[in-house]
Amino acid sequence: MSGFLRGVVAIYRKEMGHYLVSPVAYVVLGMFLLIGGLFYYTILTFYMERSLAASMQAMQFGAPPEVDVPSMTINSLFGVLGQVALFLLPMATMGVYAEERRRGTIELLMTSPVTDWQIVLGKYLASFSLFLILLLPTLAYHGVLFWKSEPRPPLGIMLSGYLGLLLLGGAFLALGNFISSLTESQLIAAVVTFCVALVLWIIDIAGPGAGTTIGELFQYLSVLRHYEDFARGVVDTTSLVFFGSWIALGLFLTLRSLDSMRWRRA
């Protein structure tokens, strides 16, 4: 293993150890699973009732039922999980740098034999691993659909939905890491991260009222617009570039933030 990777792994292990003993991580995990499970049950029940009503109507009038319960459940569920991530991920990133700045341990970290890039990547990968841990139990929702539903749910939509959810979470985490590096207050970091993410989520609302060029720009910057493509089973290169660019920008800004801290302490 190269020296660079050893530094990244060292920071990653340190951050994962912090997550494992942090009550915030368990609160985020519990809330994510609770909210996701409640919405999964509600969505599945809703579409099953619609399917039953359509079947009864078909028996009465001879029309074929048109409710694809597995596909519609998966599509709606990914929409809900994206919104839950919007609300909860700022809590997961609020202390990545802010807590170290508050305690003064950021000084020790920045004088240790690791580079800024190793710090940024190690902390980001640890927060992304926490997000993966949040998502793993949601596979049980789809397992139930594969086990009980007929026809089977489309695997392609499920895979593209998870890809979109990972990219969405990755973008929010990169944003949260950057904002956490700017303040000593975890509360401020969480609130600002949520507000910025929310603006990016709903920015396309302002599109129709703006000019053509500005409206198109707002449409492109809308996180929701790009995420919905994945939830529908569409893997678009434009959306891949969009989320990849946000992740790269967030990591770059975090790197510059750490670099500015070194200059202020020099």
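Data block above holds the structure.
I will try to describe carefully the structure that is included in this document. Remember, it's a predicted structure, so these values are computed and weren't measured experimentally.

Concerning the overall build of the protein
Here is step 1: Scanning the protein for helices and strands turns up twelve helices and zero strands.
Here is step 2: Reading the protein from its N terminus to its C terminus gives the helix and strand order α-α-α-α-α-α-α-α-α-α-α-α.
Here is step 3: When each of the 266 residues of the protein is scored for burial, the buried share is 46%.
Here is step 4: In the protein, 76% of the contacts between residues at least 6 apart in sequence involve partners at least 24 apart.
Here is step 5: When the accessible area of the protein is evaluated, it comes to approximately 13,500 Å², of which 70% is carbon and sulfur surface.

Details of the packing of helix α3 (residues 69–93) against helix α8 (residues 155–180)
Here is step 1: Their axes nearest at 9 Å, the elements α3 and α8 cross at an angle of 20°. Viewed along their axes, α3 and α8 adopt a mutual orientation that is roughly parallel. As α3 runs across α8, the sense of the crossing is right-handed. Where α3 abuts α8, its residues Ile74, Phe78, Leu81, Gly82, Ala85, Leu86, Leu89 and Thr93 lie against Ile157, Met158, Gly161, Tyr162, Leu165, Leu168, Gly169, Phe172, Leu173, Gly176, Asn177 and Ser180.
Here is step 2: Partitioning the contact of α3 with α8 into residue classes produces 13 nonpolar, seven polar and no charged.

Describing the nonpolar core
Here is step 1: In this structure, Phe78, Phe131, Leu165, Leu168, Phe172, Val223 and Phe243 are the most contacted members of the largest nonpolar core, which totals 66 residues.
Here is step 2: In terms of residues, this core owes the most to one element, α8, which gives 13 residues.
Here is step 3: With residues up to four places along the chain from it excluded, the contact list for Phe172 reads Ala85, Leu86, Leu89, Thr193, Ala197, Trp201 and Val223.

Some thoughts on the pattern of salt bridges
Here is step 1: The tally for this structure, following the rule as stated, stands at eight salt bridges.
Here is step 2: Here Glu99 and Arg102 are joined by a salt bridge, their closest N and O atoms 2.7 Å apart. Within this pair, Glu99 and its partner Arg102 are both found in helix α4 (residues 98–103), separated by three residues, close to a single helical turn.
Here is step 3: In this structure Glu99 comes out as buried when scored by relative accessible area, which is 9%.
Here is step 4: Residue classification places Arg102 among the exposed residues on the basis of a relative accessible area of 52%.
Here is step 5: Connected via shared salt-bridge partners are Lys14, Glu15, Glu100 and Lys123.

A short note on helix α11 (residues 223–231)
Here is step 1: Of all the positions in α11, only Val223, His226, Tyr227, Asp229, Phe230 and Ala231 are classed as buried.
Here is step 2: At the C-terminal side of α11, Gly233 shows a positive phi close to 95°.

Side note on the side chain of Thr73
Here is step 1: Considering the arrangement of structural elements, one finds Thr73 in helix α3.
Here is step 2: For Thr73, a relative accessible area of 0% corresponds to the buried category.
Here is step 3: Discounting residues that sit within four places of it in the chain, Thr73 has contacts with Tyr40, Ile43, Leu44, Tyr47 and Leu145.

Re the packing of aromatic side chains
Here is step 1: Scanning the model with the defined rule gives ten aromatic pairs in all.
Here is step 2: With centroids separated by 5.0 Å and ring planes inclined at 85°, the aromatic side chains of Phe78 and Tyr162 adopt a geometry described as edge-to-face. Taken as a pair, Phe78 in helix α3 and Tyr162 in helix α8 lie far apart in primary sequence, 84 residues in all. In this pair, the class of Phe78 matches that of Tyr162, namely buried.
Here is step 3: Members of the aromatic cluster, joined through ring pairs, are Tyr220, Phe230, Phe242, Phe243 and Trp246.

Here's the deal with α3
Here is step 1: Its 25 residues give α3 an end-to-end C-alpha distance of 35 Å, which sits within 8% of 36 Å, the value for a rise of 1.5 Å per residue.
Here is step 2: Along its length, α3 reaches its greatest deviation from straightness, about 35°, at Phe87, and the proline Pro90 lies no more than four positions downstream.
Here is step 3: For α3, the buried fraction is high: 19 of the 25 residues fall into the buried class.

Thoughts on the packing of α3 against helix α9 (residues 186–202)
Here is step 1: Relative orientation of the contacting elements α3 and α9 amounts to 155°, with a least axis distance of 8 Å. Between α3 and α9, the interaxial angle falls into the category roughly antiparallel. Here the hand of the crossing between α3 and α9 comes out right-handed. Residue-level contacts link Gly82, Gln83, Leu86, Phe87, Pro90 and Thr93 of α3 to Ala190, Thr193, Phe194, Ala197, Leu198 and Trp201 of α9.
Here is step 2: Taken together, the residues of the contact of α3 with α9 sort by class into eight nonpolar, four polar and no charged.

Reading guide: rules and limits
- Residues numbered from 1 in each chain as written.
- Predicted model: local features only at pLDDT ≥ 70, side-chain atom pairs only at ≥ 80, totals over all residues.
- Heavy atoms only, no water.
- Helix = DSSP H or I, 4+ residues; strand = E, 2+ residues; numbered from the N terminus.
- Buried < 20%, exposed > 50% of the residue type's maximum accessible area, 1.4 Å probe, protein only.
- Contact = heavy atoms within 4.5 Å.
- Areas by Shrake-Rupley, 256 points an atom, 1.4 Å probe, with all protein chains shown as cover.
- Axes fitted to C-alpha atoms, helices over the stretch in contact; angles between N-to-C directions.
- Parallel < 35°, antiparallel > 145°, perpendicular 65-115°, else oblique.
- Left-handed = near helix turned anticlockwise from the far one by under 90°.
- Nonpolar A, V, L, I, M, F, W, Y, C, P; charged D, E, K, R; others polar.
- Core = buried A, V, L, I, M, F, W, Y, C linked by side-chain atoms within 4.5 Å.
- Salt bridge = Lys/Arg side-chain N within 4 Å of Asp/Glu carboxyl O.
- Phe/Tyr/Trp six-rings, centres within 6.5 Å; stacked < 30°, edge-to-face > 60°.
- Expected span 1.5 Å × (residues − 1).
- Bend = angle between axes of the 7 residues up to and from the residue.

By themselves, these figures tell us nothing about what the structure is for.
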